[in-house]
Every structure is written in structure tokens, then in C-alpha cells.
Amino acid sequence: MYEQTIHLHRNAPNKPAEGQACNGCGVCCALETCPAGRLRFLQSKGPCPALTWSDSEARYHCDLLVDPGKYFGWLPWSAEAFIRRQLARWIAAGKGCDCSAEIQD
Ligand code: SF4
Ligand code: SF4
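Just so you know, these numbers come straight off a predicted model, no measurement behind them.

Draft legend 1. Focus on the overall build of the protein. Scanning the protein for helices and strands turns up five helices and two strands. Sequence-ordered secondary structure for the protein, helices as α and strands as β, is α-α-β-β-α-α-α. The globule rule puts the C-alpha radius of gyration for 105 residues at 13 Å, and the 14 Å found for the protein is close to it. Across its three principal directions, the C-alpha atoms of the protein cover 45 × 30 × 25 Å. A total of 105 residues make up the protein; the buried ones form 18% of that total. Relative to all contacts within the protein whose residues are 6 or more apart in sequence, the contacts with residues 24 or more apart total 45%.

Put into C-alpha cells, the structure is as follows:
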């Protein structure tokens with residue numbers, strides 16, 4: 001079994017079981033980057049630079065999805081909505097948790 005140490009915010013929610021609704025625990029993106037993150041940041045290991053903690057919502061967000069213009073600034077503003085749609089599809093945002101990692105505190 002492969003073991004990896006990750007660091008998450010102390011108030012991050014516990015990771016749900018694979019297939020349950022994503023709660024923004026941040027585990028997947030702390031472990032490794034998704035295809036979009038690999039393309040943008042040229043790294044496969046986590047934590048992804050776009051993994052962003054929200055104090056107000058007590059969960060992590062993908063900043064690449066929230067603010068694509070910050071990361072793809074060379075693209076015209078009109079491309080932002082298109083990129084956001086493509087990213088959401090690519091990383092399956094809003095779908096169930098697809099991370100099979102087992103967590104030990
Ligand atoms: S997909 Fe799973 S591991 Fe990733 S943030 Fe959502 S709940 Fe956490
Ligand atoms: S979903 Fe966002 S934060 Fe997570 S690895 Fe992909 S680009 Fe990074």
C-alpha cells in the first residue's frame with residue numbers, strides 16, 4: 001500500500017466515501033493534480049496550487065474553476081465562460097467523490 005502525508009486545514013470536513021457527494025475536503029487535490037492542474041501547473045504531485053481554502057464555507061475550492069482568468073490570463077475574457085464549462089466537465093465538479101484514498105489522522 002502506498003502512503004503519502006498531506007496537510008489540510010484543521011476545519012476541513014472529513015473525506016466522504018468514494019461515490020458520495022463531494023464536500024470539498026481537499027484530499028484528492030492535496031494528493032495529486034487533475035488533468036487540468038497538470039496542464040496548467042506542469043506538476044502531477046499535490047498539493048495543487050489551485051487548491052484554495054474558504055474560511056466562510058469551511059471547505060476547499062478549485063480556484064482554477066472559480067477564477068480561470070487568473071490562471072489563463074493570456075486568453076480573451078470571452079473565453080472564460082467556455083474554460084469554466086470545460087474545466088467543470090473535465091474535473092467532474094459537482095459530481096460524487098472519485099477519490100479512493102483512505103485517510104488516517
Ligand atoms: S472529490 Fe472527494 S476527495 Fe476530492 S474534494 Fe471532493 S470529497 Fe474530497
Ligand atoms: S480540481 Fe482544481 S484544485 Fe484540484 S487538482 Fe484540479 S486544478 Fe487543482
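Text resumes after the structure shown.
Draft legend 2. Region of the structure containing the site of ligand 2. Around ligand 2, the structure places Cys29, Thr33, Cys34, Ala36, Gly37, Cys48, Ala50, Leu51, Cys62, Leu64 and Ile91. Looking at the shell around ligand 2, its residues break down into nine nonpolar, two polar and no charged.

Draft legend 3. Focus on the nonpolar core. Counting residues in hydrophobic clusters, the biggest one holds 15 residues, and the most contacted among them are Cys29, Ala50, Leu51, Cys62 and Leu64. Among the secondary structure elements, those contributing two or more residues to this core are helix H1 (27–31), strand S2 (59–62) and helix H3 (63–66). Per-element tally for this core: the top contributor is H1, with four residues. Those residues within four positions of Cys29 in sequence are excluded, and the remaining contacts are Gly46, Pro47, Cys48, Leu51 and Cys62.

Draft legend 4. Representation of the environment of Gln104 within the structure. Residue placement: Gln104 occurs in the segment after helix H5 (80–90). Judged by C-beta crowding, with 5 C-beta atoms within 10 Å, Gln104 ranks as exposed. Distance from Gln104 to Glu3, taken between C-alpha atoms, is 10.0 Å for residues 101 residues apart in sequence.

Draft legend 5. Layout of the site of ligand 1. Around ligand 1 sit Lys15, Pro16, Cys22, Asn23, Gly24, Cys25, Gly26, Val27, Cys28, Cys97, Asp98 and Cys99, and those are all the residues in its vicinity. Tallied by class, residues from the shell around ligand 1 come to seven nonpolar, three polar and two charged.

Draft legend 6. Highlighting unusual backbone geometry. Here the residue pair Gly46 and Pro47 is connected by a cis peptide bond, since its omega of 0° sits within 30 degrees of zero. Positive phi, close to 55°, is recorded for Leu42, a residue that is not glycine. Here Leu42 lies in the loop between helix H2 (35–41) and strand S1 (51–54). Accessibility expressed as a C-beta count within 10 Å gives 8 for Leu42, which makes it exposed. Non-glycine residue Ala58 carries a positive phi angle of around 50°.

The rules behind the values
- Residues numbered from 1 in each chain as written.
- Chains lettered and ligands numbered in written order.
- Predicted model: local features only at pLDDT ≥ 70, side-chain atom pairs only at ≥ 80, totals over all residues.
- Helix = DSSP H or I, 4+ residues; strand = E, 2+ residues; numbered from the N terminus.
- Rg over C-alpha atoms; globule rule 2.2 N^0.38 Å.
- Buried ≥ 20, exposed ≤ 12 C-beta atoms within 10 Å, placed from the backbone.
- Contact = placed C-beta atoms within 7 Å.
- Near = placed C-beta within 6 Å.
- Nonpolar A, V, L, I, M, F, W, Y, C, P; charged D, E, K, R; others polar.
- Core = buried A, V, L, I, M, F, W, Y, C linked by C-beta atoms within 7 Å.

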